[in-house]
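# Secondary and tertiary structure notes
Listed below, chain by chain, are the residues.
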Amino acid sequence: MSGIGTKCVQEGYTPRSGEPRVLPIVQSTTFKYDTGEAMGKLFDLEAEGYFYTRLQNPTNDSVARKLAALEGGSAAILLSSGQAASFYSVFNLASAGDHVVSSAAVYGGTYNLFAVTMKRMGIDFTFVSPDATDEELSAAFRPNTKAVFGETIANPALAVLDIERFARVAHAHGVPLIVDNTFPTPINCRPFEWGADIVTHSTTKYLDGHATSVGGAIVDSGKFDWFRYADKFPGLTTPDESYHGIVYAEKFGLGGAYVTKCTAQLMRDFGSIPSPFNCFLLNLGMETLHLRMPRHVANAQAAAEFLSAHPKVAWVQYCGLPGDKYYELGKKYLPNGSSGVLSFGVKGGRAGAETFMKNLKLAAIVTHVADARTCILHPASTTHRQMSDEELIAGGVAPDMMRLSVGIEDPEDILADLAQALEKV
Ligand SMILES: *Cc1c(COP(=O)(O)O)cnc(C)c1O
């Protein structure tokens with residue numbers, strides 16, 4: 001299948017004659033075998049097949065195949081949340097005593113996972129600016145560095161990652177680049193085409209798109225040569241004694257090693273599996289991804305232009321606006337547009353933001369982004385409520401900053417709602 005829209009609709013599940021046209025929900029924890037020997041082969045990874053949904057499920061696998069095809073990857077795994085995906089993506093490569101370089105402009109939950117929780121597990125992170133020069137980036141590496149992590153478009157900072165450059169520096173140090181591609185989705189950016197090695201998603205956002213199911217995903221490009229840096233990645237290149245001594249990169253090749261290890265070790269032991277029903281909903285969302293993303297982008301571009309021309313608006317950040325700090329990187333990596341998310345501040349600061357939000361009628365105040373419905377969040381009065389204005393500024397969150405996630409309603413109605421709320425400020 002060639003076109004990305006066709007892949008959104010059809011990839012991952014092909015019924016044979018007489019089978020359901022729509023992806024079936026295999027809501028079964030377990031699978032029946034005629035002999036214990038047949039099942040034993042599955043446990044040894046000697047034969048392919050299903051035995052327990054914590055490890056693999058046909059519904060989940062179909063949706064994972066679709067996402068792998070959309071990203072242009074070799075294999076994918078679905079998880080119960082984006083947080084689980086971020087954790088597994090790194091922990092599949094790094095253990096206690098190892099080190100990882102991460103962009104400082106990442107989702108707050110990811111930052112906390114890395115800086116606090118994984119640090120407690122003995123993995124050290126160095127955070128670098130997404131704008132770091134090659135020299136600054138190189139200086140962050142140590143002999144025990146195992147990966148570089150960043151977000152294509154950072155949530156909520158909206159910084160655009162220079163994927164090609166980060167990949168080049170990561171590869172010069174013999175490690176893969178992991179990119180969280182949640183905001184642009186594979187419709188607007190495919191990080192593998194720019195040299196990234198592994199992609200993660202919070203499928204909770206645009207891939208689902210209707211705010212129904214929390215979920216995550218990891219996709220492998222299949223291009224990173226684990227054997228070339230075998231001493232750095234013993235988990236992939238030496239026998240796994242918990243699986244009868246198989247060597248993942250040998251048995252499953254470069255295309256399958258990373259995701260098989262992730263399933264066989266991490267999903268087996270941590271168990272963050274999504275329910276088949278949630279994967280079914282995710283698949284429904286993905287069937288219209290190629291239709292929704294251009295509409296999100298067009299509506300967000302219209303909202304960004306409207307806001308930046310409005311006398312009561314102090315500032316707007318959206319890489320589709322000429323003059324935005326990330327306009328040039330956006331043109332390179334996101335030629336079809338970035339996403340539906342922009343941030344802005346009104347004159348009148350924190351109080352002005354509260355008045356503005358109170359008066360919105362169509363846009364809903366929620367802790368979410370990337371929904372078909374327009375929604376908004378004011379971090380200073382909600383998620384970051386306990387912080388003073390000085391603390392907020394030090395943490396990179398302006399007290400007047402509102403994060404607007406523009407939906408796919410009619411643009412005139414979205415702009416009219418923004419206009420009437422601005423009048424009250
Ligand atoms: C929401 C989000 C996450 C976390 O995903 P959950 O599905 O909420 O666990 C990770 N990365 C980015 C960029 C996100 O927006």
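It should be emphasised that the depicted structure is a prediction, and the values quoted were computed from it without experimental measurement.

Our next topic: the domain arrangement of the chain. Partitioning the chain into domains gives domain 1 (4-283) and domain 2 (290-423). On a C-alpha basis, the centres of domain 1 and domain 2 stand 30 Å from each other. If you look at the interface, domain 1 gives 32 residues, while domain 2 gives 31 residues. Carbon and sulfur atoms make up 61% of the area that domain 1 and domain 2 hide from each other, which totals about 2,600 Å². Looking only at domain 1, the three residues that lose the most surface to domain 2 are Val160, Asn188 and Tyr206, adding up to 28% of its buried area. Along the contact surface separating domain 1 from domain 2 lie 2 salt bridges.

On to the site of the ligand, then. The environment of the ligand is formed by 14 residues, the closest being Asn155, Asp180, Ser202, Thr204 and Lys205. The separation between an oxygen atom of the ligand and a polar main-chain atom of glycine 82 is 2.9 Å. A distance of 2.6 Å separates an oxygen atom of the ligand from a polar side-chain atom of threonine 204. For the ligand, whose accessible area on its own is 380 Å², the fraction buried by protein is 92%. Of the residues contributing to the shell around the ligand, the split by class is 3 nonpolar, 8 polar and 3 charged.

Bringing the sheet that holds strand E12 (residues 402-405) into the picture now. Spatially, 5 strands are ordered E8-E9-E12-E11-E10 in an open sheet, and the strand pairing comes out mixed. Looking at strand neighbours, the two that pair on one side only are strand E8 (313-317) and strand E10 (364-365), the edges of this open sheet. Relative to strand E9 (residues 341-346), E8 runs antiparallel, the two sharing 4 bridges. Residue pairing across strands places tryptophan 315 opposite glycine 345, the latter belonging to E9.

About the cut-offs
Within each chain, residues carry numbers counting from 1 in the order of the written sequence. Local features in this predicted model are restricted to residues of pLDDT 70 or higher, and side-chain atom pairs are both shown and tallied only at a pLDDT of 80 or more, whereas totals for entire chains, interfaces and linings draw on every residue. Hydrogen atoms and water are omitted, and side-chain values are computed over all heavy atoms in the structure. An automatic or database domain assignment is the source of the domain bounds shown. Any pair of residues with heavy atoms lying within 4.5 Å of one another is described as a contacting pair. A simple way to read buried area is as the amount of 1.4 Å-probe accessible surface that goes missing from two parts once joined, with both sides added. Salt bridges are counted wherever a side-chain nitrogen of Lys or Arg sits within 4 Å of a carboxyl oxygen of Asp or Glu. Only a single heavy atom is needed: when it lies within 4 Å of a molecule or strand, its residue is near that molecule or strand. Distance and chemistry together define a polar contact, namely a pair of N or O atoms within 3.5 Å, with one atom able to donate a hydrogen and the other to accept it when in protein, and with adjacent residues in sequence counting only for side-chain atoms on both sides. To measure how exposed things are, a 1.4 Å probe is used in the Shrake-Rupley method; for residues, cover is taken only from the protein chains shown. Amino acids outside the nonpolar list (Ala, Val, Leu, Ile, Met, Phe, Trp, Tyr, Cys, Pro) and the charged list (Asp, Glu, Lys, Arg) are all regarded as polar, and Gly is one of them. DSSP-based pairing: two strands are paired if at least 2 bridges between them are found. Helix and strand labels come from DSSP, where a helix needs a run of H or I of at least four residues and a strand needs a run of E of at least two; each type is numbered from the N terminus.

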